[in-house]
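# A closer look at the structure
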Amino acid sequence: MNQKYNLAVVGATGAVGSEIIQILEQIEFPINNLYLLASSKSKGKKIEFKEKEIIVEDLDEFDFSKAQISLFSPG
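A quick note: this is a predicted structure, and the numbers were derived from the prediction, not measured.

Turning to the overall build of the protein chain, a few remarks are in order. Helix and strand content of the protein chain: one helix and six strands. Listing each helix as α and each strand as β along the protein chain from the N terminus yields β-α-β-β-β-β-β. In summary, the protein chain has a C-alpha radius of gyration of 12 Å against a globular reference of 11 Å for 75 residues, a match within 12%. In the protein chain, which comprises 75 residues, the share counted as buried stands at 35%. Considering only intrachain contacts with a sequence separation of at least 6, the fraction spanning at least 24 residues in the protein chain is 60%. Taken as a whole, the protein chain presents about 5,100 Å² of accessible surface, with 48% of it coming from carbon and sulfur. For the protein chain, the separation between the mean place of its 8 positive charges and that of its 11 negative charges on side chains is 2 Å.

Here you go:
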């Protein structure tokens, strides 16, 4: 059984966050749900991941109990 993880990326709209997202896609990391988080000014932006658009959520409003793994790259 291949386990998939709920993963949060903090700073998803920044340069490092964008690179993390690209690497996760390239290595085909087993992701169930991907939460892209950033400051409120980036809330609502759309980022493509595996041919799907994911809407960036506000970091201050996110419930981290939803994520098994969190990667942080805030500006």
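After that view of the structure, there is still more to cover.
All right, on to the side chain of Ser73 then. As for its position among the elements, Ser73 is in the segment after β6 (69-72). Here the side chain of Ser73 touches Gly17 through a polar contact of 3.4 Å, landing on its backbone nitrogen. When neighbours within four sequence positions are excluded, Ser73 is seen to be in contact with Val10, Gly11, Val16, Gly17 and Ile20.

The next subject is the pattern of salt bridges. Here the structure, examined in full by the defined rule, presents one salt bridge. Here Glu61 and Lys43 are joined by a salt bridge, their closest N and O atoms 3.2 Å apart. Taken together, the residues span a long stretch of sequence, with Glu61 in the loop between β5 (57-58) and β6 and Lys43 in the loop between β2 (31-38) and β3 (46-49) at a distance of 18 residues. For Glu61, a relative accessible area of 56% puts it in the exposed group.

Let us look at the pairing of β2. With six of eight residues buried, β2 is to be regarded as a mostly interior element. When strand β1 (residues 5-10) meets β2, the two strands line up parallel, connected through six bridges. From the neighbouring strand, Val9 faces β2, where its bridge partner is Leu36. The handedness of the β1 to β2 crossover, carried by helix α1 (residues 15-26), is right-handed. Of the pairings in the sheet, the one linking β2 to β5 comprises two bridges and is parallel in character. The residue bridging Ala38 from the neighbouring strand is Asp58, located in β5.

Conventions we followed
Residues numbered from 1 in each chain as written. Predicted model: local features only at pLDDT ≥ 70, side-chain atom pairs only at ≥ 80, totals over all residues. Heavy atoms only, no water. Helix = DSSP H or I, 4+ residues; strand = E, 2+ residues; numbered from the N terminus. Rg over C-alpha atoms; globule rule 2.2 N^0.38 Å. Buried < 20%, exposed > 50% of the residue type's maximum accessible area, 1.4 Å probe, protein only. Contact = heavy atoms within 4.5 Å. Areas by Shrake-Rupley, 256 points an atom, 1.4 Å probe, with all protein chains shown as cover. Lys, Arg positive; Asp, Glu negative; His and termini not counted. Charge placed at Lys NZ, Arg CZ, Asp CG, Glu CD. Polar contact = N/O pair within 3.5 Å; in protein donor to acceptor, adjacent residues only side chain to side chain. Salt bridge = Lys/Arg side-chain N within 4 Å of Asp/Glu carboxyl O. Pairing = 2+ DSSP bridges. Right-handed = clockwise from strand over helix to strand, strands pointing away.

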